[in-house]
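Structure at a glance
The primary structure of each chain is shown beneath.
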Amino acid sequence: MKYIIIFILSVLAIPALAQDPSWKRPSWWNDSTVKETDDSINNKRSKVSVITENSNENIVAQSVKSSLSLIRQQYRLKRNGDYYGKNNMPYYGETYSIGVKVSGGMFLLSDVVEPWKNDEDYKRVNESKKYKPVLFWSYQRLLSDSTYKAIELEIGSEFFTPVNNDSSLYIHTEAHPDFGLSIDYTSGQKSGYMIWAYTCTNLQDSAMSVKLTQSQMSIEINPDSTDIIPLSTNDNNKILGGIYVVPNYDQHKGIVQYKLVGVAIKDDNSKWFLQPLATKSNITKSGDNDNKSDNNKRSKRNKKKDNEENESSEPTKTKK
């Protein structure tokens, strides 16, 4: 079974590896095996082209699944020293998005930092600016699991920093990095796979199941550019996040590994773009941040939770 899996991953990686000029093609290889259209996006220096879609066989997606998790971020409202939730719950609203585990930390979307930003109920009740939104509980669960675990994200600390200029993507460095995707910081032509995480229902809630889809895609990255790459998507309201990976084939070991090239980010109009990690940004490569192992600097938020229910979108006073 081990050799069968390696063979399948190797076959999937071949179309992407064919774009690498340093890769030695076997005698049976024919360039017509891969059909590609290389179009410039709005005359920018980063390019993208979608080659094929795999809706049934998501072997690449399954191979990176262990590095993806679902992040559930709650927030509540504060006024005059009192806290308010909704429907008699201790929180007013929450968001769900994908966290991407890498060696040295985890990438997170801005939904984790400002979960109230796209909440229509919050915009309505706080039109007069009488409430202040504050972060509440943060939870995480693996995509293959149904159990959430409370986590400390240290938002606002030196260990939680924006990656790009508009702060739509963050990196949370960790004191004890032990696993995760390796990052490809190199520029140039890339041929790999776009992996999307979708909720299987119209409603995003704690019980939702998540599916992964993959499509083969080529991009060109210029390291001197701050370009983000527009992505074509369906069912935007069901998308939780996405990543772009490229295969790294070790011919001596016969192993295919996938490196992270970029993370999907969302703008204020809910349109998705790819943020390449090789472009100019604030990102620090793993191992370059000497402070990340200093546990004494890591602060803990004291949070409390409750379990009451009602049916109103108006703020309801909660326990502190």
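Computed from a predicted structure; not experimentally measured.

1. Some words on the overall build of the protein
Looking only at helices and strands, the protein features 3 helices and 17 strands. Across the 320 residues that make up the protein, the buried fraction comes to 48%. Long-range pairs, those at least 24 residues apart, make up 72% of the contacts in the protein between residues at least 6 apart in sequence. Element-wise, carbon and sulfur atoms account for 44% of the exposed surface of the protein, whose accessible area totals about 17,000 Å².

2. Re unusual backbone geometry
You will see that N80, though not glycine, has its phi angle at about 55°, which is positive. Relative to the elements of secondary structure, N80 occurs in the loop between β3 (68-79) and β4 (82-86). Even without being a glycine, K129 presents a positive backbone phi close to 60°. Residue classification places K129 among the exposed residues on the basis of a relative accessible area of 68%.

3. A closer look at the pairing of strand β15 (residues 255-266)
When strand β14 (residues 239-250) meets β15, the two strands line up antiparallel, connected through 8 bridges. Looking at β15, one finds that I243 is bridged to V263. Hairpin connection from β14 to β15: 4 residues lie between these consecutive antiparallel strands, with G254 at a positive phi of about 70°. Bridging between β15 and strand β16 (residues 272-276) involves 5 bridges; their strand directions are antiparallel. Across the sheet, G262 pairs through a bridge with P276, a residue of β16. Once β15 ends, the chain turns through 5 residues before running back antiparallel as β16, passing S270 with a positive phi of about 65°.

4. Quick notes on the side chain of D119
Following the sequence through the fold, D119 ends up in the loop between β6 (105-109) and α3 (120-125). Notably, D119 is buried but unbridged: the nearest opposite-charge side chain belongs to K86, and the N-O separation is 4.6 Å. Of note is the side chain of D119, whose polar atom sits 3.0 Å from the backbone nitrogen of D121. Those residues within four positions of D119 in sequence are excluded, and the remaining contacts are Y75, Y92 and G93.

5. So, the pattern of salt bridges
Across all of its chains, the model carries 7 salt bridges by this definition. Between K123 and E120 there is a salt bridge, with the nearest N and O atoms lying 3.6 Å from each other. Here K123 and its partner E120 are both found in helix α3, 3 residues apart, which amounts to about one turn of the helix.

6. Focus on the confidence of the model for the protein
Parts of the model with low pLDDT should not have their predicted coordinates read in detail. Of all residues in the protein, 70% attain a pLDDT of 70 or more, and the chain-wide mean is 78. The lowest-confidence element of the protein is strand β1 (residues 39-40), averaging 37 in pLDDT; the highest-confidence one is β3, averaging 97. Of the regions scoring below 50 in pLDDT, residues 21-57 engages in 69 contacts with residues more than four places distant in sequence or in other chains. Across residues 298-311 the pLDDT falls below 50, and counting only partners more than four positions away or on other chains, this stretch makes 36 contacts in the model.

Cut-offs and rules
Residues numbered from 1 in each chain as written. Predicted model: local features only at pLDDT ≥ 70, side-chain atom pairs only at ≥ 80, totals over all residues. Heavy atoms only, no water. Helix = DSSP H or I, 4+ residues; strand = E, 2+ residues; numbered from the N terminus. Buried < 20%, exposed > 50% of the residue type's maximum accessible area, 1.4 Å probe, protein only. Contact = heavy atoms within 4.5 Å. Areas by Shrake-Rupley, 256 points an atom, 1.4 Å probe, with all protein chains shown as cover. Pairing = 2+ DSSP bridges. Lys, Arg positive; Asp, Glu negative; His and termini not counted. Salt bridge = Lys/Arg side-chain N within 4 Å of Asp/Glu carboxyl O. Polar contact = N/O pair within 3.5 Å; in protein donor to acceptor, adjacent residues only side chain to side chain. pLDDT = per-residue confidence, 0-100.

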